[in-house]
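# Coordinates in review
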Amino acid sequence: MWGGLAALAVGLAVAGLAGFAAAGQKAGAVTGVIDGVTLEGGQYYVHGWACQEGQRGSISINIYANHAAGAKPAGTYVMAETANLENEPAVDRECHDANGGKHRFHVALPNQLLRSFQGKKLFVHGIAVAGNVDNALLAGSGKFAFPAPKWPVDPATPNFLDGARVAAFDTAKESCEQIDIPDAAARAFRDYKGVVHLIASHYVTRAGLGPSLAAAKHNCQVVYKSPHDGNIADFDDATWLNSFYDVDGKKIVALGHMEYHGWEHAGMCASKNDSASCWYNVDTYNLSEDGGYHFARPKPPANYFLSLPEKYQVNQGPEGYSVDANIVKVGEWYYDEVYSWAWPPNCGGGKGQKACLVPDGACAIRTANILDPASWRGWDGKDFTVEFVDPYRAAVANPKAHVCVTVPYLDYSTGINYHPASHLFVATLWNQGSASWGPQGVYFTTSPDFVHWSKPELAMTQNQMLRREPEGNWSYAYFSLIDAKSTDSSYMTITDTPYLYYVRMDGNHPPYQRVLFRQKIKLDWLAELHKK
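What follows is about unusual backbone geometry. The amide bond that connects Lys72 to the next residue, Pro73, takes the cis arrangement and shows omega of 0°. Relative to the helices and strands, Pro73 is located in the loop between β3 (59-65) and β4 (76-83). A cis amide bond links Gly317 to the next residue, Pro318, at an omega of 0°. Topologically, Pro318 is positioned in the loop between β18 (304-306) and β19 (319-323). Here the phi dihedral of Asn315 falls at roughly 65°; this positive angle occurs in a residue that is not glycine. The class of Asn315 is partly exposed, set by a relative accessible area of 30%.

Moving on: the nonpolar core. The biggest cluster of nonpolar side chains holds 61 residues, and the ones touching the most others in it are Leu255, Tyr321, Ile365, Phe388, Val407, Ile416 and Trp453. Per-element tally for this core: the top contributor is strand β17 (residues 279-288), with five residues. Apart from the residues lying within four places of it in its own chain, the contact partners of Val407 are Ala362, Ala364, Trp379, Val451 and Trp453. Membership of the second largest hydrophobic core comes to 29 residues, among which are Val46, Ile63, Val78 and Ala130.

With respect to the helices and strands, the residue Arg518 is situated in strand β31 (residues 514-520). Despite its burial, Arg518 remains without a salt bridge, the nearest opposite charge being carried by Glu174 at 9.3 Å. Contact partners of Arg518, with chain neighbours within four places excluded, come to Ala164, Arg165, Val166, Ala168, Leu213, Ala214, Tyr499, Leu500 and Tyr501.

This part is about the sheet that holds strand β13 (residues 217-218). The four strands are arranged β9-β10-β12-β13 in an open sheet whose pairing can be described as antiparallel. Each having just a single partner strand, β9 (187-190) and β13 make up the two edges of the open sheet. Taken together, the two bridges between strand β12 (residues 208-210) and β13 define a ladder with antiparallel strand orientation. The residue bridging Leu209 from the neighbouring strand is Lys217, located in β13.

Looking at where Leu198 falls in the secondary structure, it is placed in strand β10 (residues 196-199). Residue Leu198 is classed as buried on the basis of its relative accessible area of 7%. As for Leu198 and Ala216, which are separated by 18 residues in sequence, their C-alpha atoms are 6.7 Å apart. With residues near it in sequence (within four places) discarded, Leu198 still touches Ala168, Ala186, Arg187, Ala188, Ala207, Gly208, Leu213, Ala216, Ile482, Tyr501 and Leu516.

We now examine the pattern of salt bridges. Enumeration according to the criterion identifies 15 salt bridges in this entry. Between Arg467 and Asp154 there is a salt bridge, with the nearest N and O atoms lying 2.1 Å from each other. Linking Arg467 in helix α5 (residues 462-467) with Asp154 in the loop between β7 (136-137) and β8 (166-170), this pair joins segments that are 313 residues apart in sequence. A salt bridge links Arg206 to Glu177, with the nearest nitrogen and oxygen atoms 3.1 Å apart. Residue Arg206 is located in the loop between β11 (204-205) and β12, and its partner Glu177 is located in the loop between α4 (171-174) and β9; the two are separated by 29 residues in the primary sequence. Overall, the relative accessible area of 10% leaves Arg206 in the buried class.

Rules of the game
- Residues numbered from 1 in each chain as written.
- Predicted model: local features only at pLDDT ≥ 70, side-chain atom pairs only at ≥ 80, totals over all residues.
- Heavy atoms only, no water.
- Helix = DSSP H or I, 4+ residues; strand = E, 2+ residues; numbered from the N terminus.
- Buried < 20%, exposed > 50% of the residue type's maximum accessible area, 1.4 Å probe, protein only.
- Core = buried A, V, L, I, M, F, W, Y, C linked by side-chain atoms within 4.5 Å.
- Contact = heavy atoms within 4.5 Å.
- Lys, Arg positive; Asp, Glu negative; His and termini not counted.
- Salt bridge = Lys/Arg side-chain N within 4 Å of Asp/Glu carboxyl O.
- Pairing = 2+ DSSP bridges.

Written out as structure tokens, the structure is:
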């Protein structure tokens with residue numbers, strides 16, 4: 001997931017080499033110009049163009065501060081982007097590109113980076129994609145400086161935070177191996193001995209253990225290890241355990257998000273590198289019978305829980321469902337939600353587009369039997385009747401009948417709880433900027449029935465979070481609520497003062513430098529919870 005930039009660079013390089021060989025041409029030099037640094041709508045951008053002469057393919061650019069990358073002293077790496085925007089004929093001529101490729105760049109300079117590099121000179125390198133050709137410094141490098149950050153005016157937000165944040169798991173200090181990272185939202189449950197298990201899963205899963213949430217310390221014992229099974233019909237490649245329910249202190253159900261990585265298995269992807277087009281997602285059922293210290297995979301197909309009603313198709317992804325929220329029981333029903341990528345590729349409601357079998361969005365699901373993975377049903381627009389079918393066990397006569405009707409807002413959720421005082425479900429949302437209902441930040445939405453959700457209410461913007469950080473290149477993900485005062489052993493219920501858990505990632509040391517934080521918050525401002 002976090003290897004995307006590197007994979008993209010490798011993919012472009014391979015494509016460029018192939019084009020060079022096919023044409024029998026000599027690979028040309030890397031060239032380009034920084035046109036300027038401008039303020040547009042409250043955001044600073046650096047813009048210009050970059051290409052490799054004679055190559056139609058877009059190239060990557062690397063931005064440095066103080067000096068060029070190979071200078072003495074060397075410059076400081078800032079960020080990478082791609083020069084892949086439309087350009088004018090004059091740029092095509094400079095690039096010796098008669099086919100009219102895309103070579104312009106217009107790169108946003110985030111305020112958090114400007115805080116670190118303001119006043120320092122800006123350098124941009126173009127990265128070669130073909131032949132034994134050196135990367136090159138673009139003309140104009142050193143002419144411009146990083147400007148001071150211009151933080152936007154924050155919208156009105158509530159008095160949300162209720163105490164200092166605490167690191168619940170810091171990979172720089174506590175990881176048991178390099179890939180031991182929090183790569184999913186935090187969940188918790190209490191076992192038959194009263195021990196609290198705090199899990200923010202990766203495909204090799206470990207837990208924090210302790211007598212309470214606050215005392216749970218990261219433990220190196222492996223709870224679950226993905227086998228990376230190349231037989232896709234086994235649904236057993238790389239699995240993140242994302243949803244837990246404590247049945248009796250010993251039996252702990254775990255719903256898993258299984259990613260089939262086609263590029264890692266022979267003949268299953270056109271690329272040998274991380275590619276979303278070879279990414280197939282299935283949700284699986286897993287069970288612990290020792291209180292959550294080990295989770296077992298039932299033998300296929302008993303591990304099947306939920307999927308797209310279509311088999312994997314090479315280079316036609318991403319496809320499938322991902323279970324990203326936690327299980328909540330209210331009355332006789334257990335509820336959860338899964339996210340679906342729009343599929344087939346390039347589908348939609350636009351002119352000339354094919355209709356989507358599966359729309360992009362969230363599917364609400366429920367069951368009355370948590371120990372029977374086949375009993376879950378999805379929302380059909382009127383009731384929970386959609387039955388999910390394993391396409392590898394039998395032909396699916398009517399795939400559309402096995403696809404949910406999406407519900408609003410939950411596609412931005414990685415945590416769901418129940419607030420007994422108001423009799424409402426509460427979903428924690430992280431808007432990374434693509435949602436149309438407000439700025440990037442943390443939001444909450446509520447529902448009385450799990451399918452009709454209120455308009456999200458903003459708790460805190462991303463900019464407000466970033467301004468509290470030390471200098472660095474930070475991003476956030478995987479937000480959830482866990483309440484130390486919860487009376488159930490799965491920590492699905494909350495009061496007005498839960499902990500907010502989230503992961504902060506270090507963009508200067510990706511992808512393994514991460515911290516799972518917890519911070520006490522207040523929800524007494526959330527209107528739907530406190531209607532008179």
